[in-house]
Amino acid sequence: MRTFDLAPLYRSAIGFDRLAQLLNDAQRNDAPSYPPYNIELVSDDQYRIVMALAGFTRSEIDITFERDSLTVVGRKQKDATERTYLHRGIAARDFEQRFQLANHVKVTGASFDNGMLTIELVREIPEALKPRKIVIDGSDNVTALEQRQAA
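Not measured: the values here are computed from a predicted model.

Peer 1: Sorry, what's going on with the overall build of the protein here?
Peer 2: Looking only at helices and strands, one finds three helices and seven strands in the protein. In sequence order, the secondary structure elements of the protein are arranged as α-α-β-β-β-β-β-β-β-α. Within the protein, buried positions represent 21% of all 151 residues. When contacts within the protein are restricted to residue pairs at least 6 apart in sequence, long-range pairs at least 24 apart make up 50% of them. Summing over all exposed atoms, the protein offers an accessible surface of approximately 11,900 Å²; the carbon and sulfur share of this is 52%.

This is how it looks when you write it as structure tokens:
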């Protein structure tokens, strides 16, 4: 059983179409396998993507972060010298890798060292969305909330 019927989800849930699209995309096996990469959980709200980009230079790599999507593109400069390979194990070909990011996940930095591209991400939940303690019969609940929103 490799397919899911998402029709019941569409009938009863509103606003989950992005989740359904992610499930449909994950089912397909046409995900690119080049370049190889790792996704690490650094801490509860910190992530790291490490990509092996042998043969690329910094100027040949472009990283774009847009709302809920991170795109890493590599465009290899054409080599002026013609080479004859007996075995070619280092691909060094153009690529485009996309990562779908959850709400409130942001890119905080990127580095490129020894052919390894490292992208740091963090989930920053806005203060208004964080859970808060409500004091029973406390009169300062509303004023504290209003002061926080004003700040």
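Peer 1: I'm lost on the layout of surface pockets in this one. Help?
Peer 2: In this approach a probe as big as a water molecule rolls over the atoms, and the regions it shows empty are the leftover space. Looking at the second largest pocket, its volume works out to about 390 Å³. Lys-76, Asp-79, Tyr-85, Arg-88 and Ala-92 are the residues nearest the centre of the second largest pocket, which is lined by 16 residues in total. In the lining of the second largest pocket, the residues fall into five nonpolar, four polar and seven charged.

Peer 1: Whenever I open this one, the sheet that holds strand 2 (residues 46-52) confuses me. Can you help?
Peer 2: The strands making up a sheet are joined through hydrogen bonds of the backbone, oriented either antiparallel or parallel. With respect to topology, four strands assemble into an open sheet ordered 1-2-7-6, the strand pairing being antiparallel. Looking along the sheet, the strands with just one partner apiece sit at the ends: strand 1 (37-43) and strand 6 (105-113). Neighbour to neighbour, the strand axes of the sheet diverge by 20 degrees on average, direction disregarded. Here strand 2 runs beside strand 7 (residues 116-123); their pairing, made up of seven bridges, is antiparallel. Bridge pairing in strand 7 links Met-51 to Leu-117.

Peer 1: It is not clear to me how the packing of aromatic side chains should be interpreted in this structure. Could you clarify?
Peer 2: Each aromatic ring pair is characterised by the separation of its centres together with the angle its planes make. By the definition in use, this model includes three aromatic pairs. A centroid spacing of 6.1 Å and a plane angle of 85 degrees characterise the contact between Tyr-34 and Phe-95, whose relative ring orientation is edge-to-face. Of this pair, Tyr-34 sits in the loop between helix 2 (17-27) and strand 1 while Phe-95 sits in strand 5 (residues 95-100), and the two are 61 residues apart along the sequence. Summarising the aromatic geometry, the rings of Tyr-37 and Phe-99 are spaced 5.2 Å apart at their centres and angled 90 degrees between planes, so their arrangement reads as edge-to-face. Here Tyr-37 is found in strand 1, whereas its partner Phe-99 is found in strand 5, with 62 residues between them in sequence. The exposure class of Tyr-37 is partly exposed, given its relative accessible area of 34%. Each member of the aromatic cluster is reached from another via a ring pair, and the members are Tyr-34, Phe-56 and Phe-95.

Peer 1: I keep staring at unusual backbone geometry and nothing clicks. Help me out?
Peer 2: Although it is not a glycine, Arg-67 adopts a positive phi angle of roughly 45 degrees. With respect to the helices and strands, Arg-67 occurs in the loop between strand 3 (61-66) and strand 4 (69-74). On the basis of relative accessibility, which here comes to 71%, the residue Arg-67 falls in the exposed class. Backbone geometry at His-104 places phi at a positive 70 degrees, although glycine is not the residue there. Summarising the element assignment, His-104 is placed in the loop between strand 5 and strand 6.

Definitions and cut-offs
Residues numbered from 1 in each chain as written. Predicted model: local features only at pLDDT ≥ 70, side-chain atom pairs only at ≥ 80, totals over all residues. Heavy atoms only, no water. Helix = DSSP H or I, 4+ residues; strand = E, 2+ residues; numbered from the N terminus. Buried < 20%, exposed > 50% of the residue type's maximum accessible area, 1.4 Å probe, protein only. Contact = heavy atoms within 4.5 Å. Areas by Shrake-Rupley, 256 points an atom, 1.4 Å probe, with all protein chains shown as cover. 1 Å grid on protein atoms, 1.4 Å probe; cavity = no way out; pocket = protein on both sides within 12 Å on 5 of 7 lines; lining within 4 Å. Points joined across faces, edges and corners; volume = space filled by probe spheres on them. Nonpolar A, V, L, I, M, F, W, Y, C, P; charged D, E, K, R; others polar. Pairing = 2+ DSSP bridges. Axes fitted to C-alpha atoms, helices over the stretch in contact; angles between N-to-C directions. Phe/Tyr/Trp six-rings, centres within 6.5 Å; stacked < 30°, edge-to-face > 60°.

Purely geometric numbers; function is a separate question.
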